[in-house]
Amino acid sequence: MPVTAGGHHWLLVRDGARIVAAERACPHEGADLALGRCAGGRLLCPRHLASFDLRDGSVSPGWSFRALRLFAVETVSDGLWLRLGDSVRKQTS
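Let me sum up the structure you'll find in this document.

Rules behind the numbers
Residues numbered from 1 in each chain as written. Predicted model: local features only at pLDDT ≥ 70, side-chain atom pairs only at ≥ 80, totals over all residues. Heavy atoms only, no water. Helix = DSSP H or I, 4+ residues; strand = E, 2+ residues; numbered from the N terminus. Buried < 20%, exposed > 50% of the residue type's maximum accessible area, 1.4 Å probe, protein only. Contact = heavy atoms within 4.5 Å. Salt bridge = Lys/Arg side-chain N within 4 Å of Asp/Glu carboxyl O.

Among the secondary structure elements, Val20 is positioned in strand β3 (residues 18-23). Given the relative accessible area of 2%, Val20 is considered buried. Remark: the alpha-carbon pair of Val20 and Pro61, spanning 41 residues in sequence, is separated by 22 Å. Aside from chain neighbours lying at most four places away, what touches Val20 is Leu11, Leu12, Val13, Leu54, Leu70, Phe71 and Val73.

This next bit is on the pattern of salt bridges. Scanning the model with the defined rule gives seven salt bridges in all. A salt bridge links Asp15 to Arg18; the shortest N-O distance between them is 3.5 Å. Classification of Arg18 as partly exposed rests on a relative accessible area of 31%. A salt bridge links Glu29 to Arg47, with the nearest nitrogen and oxygen atoms 3.9 Å apart. In this pair, Glu29 is assigned in the loop between β3 and β4 (37-39) and Arg47 in the loop between β5 (42-44) and β6 (51-53), connecting sequence segments 18 residues apart.

Okay, here's the thing in C-alpha cells:
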C-alpha cells in the first residue's frame, strides 16, 4: 500500500504476520515499487524484475546496486507507526 509520511513516499508491505515499510522508488532507476508484487518474502520490482529481501532489503543476485531501505512498522490500537529513525537492517532482534 503506498503512503506518504514525513514528506516522503513509502510502501507498506505485509510479509506474513508483520508489516514492513520500504522506500517506494527502486534504488536502481526509481521504478514505482507499489506497482510490483510481494512473494516469498521478497518485493519484486515491476521494471527490472530484481527483487528485494523484506528482512534486510538486499537485492537479488546479479544486480549491483544498493539495498532497498526498510523501516520498522509498529501496530498500535489507533493505526500504524512508521519508525523512520530505525532501519530494519540495524535492528538486532
